[in-house]
Amino acid sequence: MARTTLDTAALAHDLRLAVMRFSRRLRNQRVDTTVTLTHLAALSTLKRNGPMSPGELAAHERVQPPSMTRVVVALEAQGLVTRTPHPTDGRQVVIGLTQAAEDLLTEEVRAREAWLSGQLQELTAEERATLREAAVIMDKLASG
């Protein structure tokens, strides 16, 4: 029993480090470095979930509303988001993506996937098959 616990702990350690390194390398495949990773995360949340209030966006991103206000101001200055009146609450606004933001997100994804495709081509067919299986398992871990 103790051996299994040690094996699991070692796997957890190795997997955590590998995922962190991989994530860092993937994040570095950038199209526009003038947009911060925090800004990209907020834009991605808006793309995935649609327009929302700054408070809702802050909750999704797990940051304090004043921090999200600064992010929204910066994104608006870059022409990446719009503010429109909230349909039911006159004190609120709704933040939405501009076409420039949509284009930027598309290019960011394209750059990362191009880099990853190139890396995957360097692997053997067996290694790619293993990664295909690992992707399913990692998705299961992330969902649990």
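Computed from a predicted model, the values in this text were never measured in an experiment. (Residues numbered from 1 in each chain as written. Predicted model: local features only at pLDDT ≥ 70, side-chain atom pairs only at ≥ 80, totals over all residues. Heavy atoms only, no water.)

> Tell me about the packing of helix 3 (residues 54-61) against helix 4 (residues 65-77), and name the residues and values.
To characterise two packed helices, one gives the angle between the axes of the helices and the distance between these axes. Between helix 3 and helix 4, the least distance of the axes is 9 Å, while the angle of their chain directions is 110°. Accordingly, the angle class assigned to the pair helix 3 and helix 4 is roughly perpendicular. Where helix 3 abuts helix 4, its residues Pro54, Leu57, Ala58 and Glu61 lie against Pro65, Met68 and Val72. Broken down by class, the residue content of the contact of helix 3 with helix 4 amounts to 6 nonpolar, no polar and 1 charged. (Axes fitted to C-alpha atoms, helices over the stretch in contact; angles between N-to-C directions. Helix = DSSP H or I, 4+ residues; strand = E, 2+ residues; numbered from the N terminus. Parallel < 35°, antiparallel > 145°, perpendicular 65-115°, else oblique. Contact = heavy atoms within 4.5 Å. Nonpolar A, V, L, I, M, F, W, Y, C, P; charged D, E, K, R; others polar.)

> Lay out the pattern of salt bridges with the relevant residues and their values.
A full pass over the atoms with the stated rule returns 6 salt bridges. In this structure, Arg30 and Glu108 form a salt bridge, with 3.4 Å as the shortest nitrogen-oxygen distance. Of this pair, Arg30 sits in the loop between helix 1 (2-27) and helix 2 (37-49) while Glu108 is found in helix 5 (residues 99-121), placing the two residues 78 residues apart along the sequence. Close ionic contact of Arg83 with Glu76 constitutes a salt bridge, the shortest N to O distance being 2.8 Å. When its relative accessible area of 34% is taken as the criterion, Glu76 is described as partly exposed. Where salt bridges share partners, they join Arg30, Glu108 and Arg112 into one cluster. (Salt bridge = Lys/Arg side-chain N within 4 Å of Asp/Glu carboxyl O. Buried < 20%, exposed > 50% of the residue type's maximum accessible area, 1.4 Å probe, protein only.)

> Can you tell me about the packing of helix 2 against helix 4, naming the residues and giving the values?
At a minimum axis distance of 10 Å, the contact between helix 2 and helix 4 shows a crossing angle of 90°. On the basis of the axis angle, helix 2 is roughly perpendicular to helix 4. Along its contact with helix 2, which presents Thr38, His39, Ala42 and Leu43, the element helix 4 presents Met68, Val71, Ala74 and Leu75. Class assignment of the residues belonging to the contact of helix 2 with helix 4 gives a composition of 6 nonpolar, 2 polar and no charged.

> I'd like to hear about the packing of aromatic side chains, residue by residue, with values.
What the rule picks out here adds up to 1 aromatic pair. Both rings, one in Phe22 and one in Trp115, keep their centres 6.4 Å apart while their planes meet at 45°; by these two values the pair is tilted. One end of the pair, Phe22, is in helix 1; the other, Trp115, is in helix 5, with 93 residues separating them in the sequence. Assessed through its relative accessible area of 16%, Trp115 is described here as buried. (Phe/Tyr/Trp six-rings, centres within 6.5 Å; stacked < 30°, edge-to-face > 60°.)

As far as function goes, none of this settles anything; it's purely spatial.
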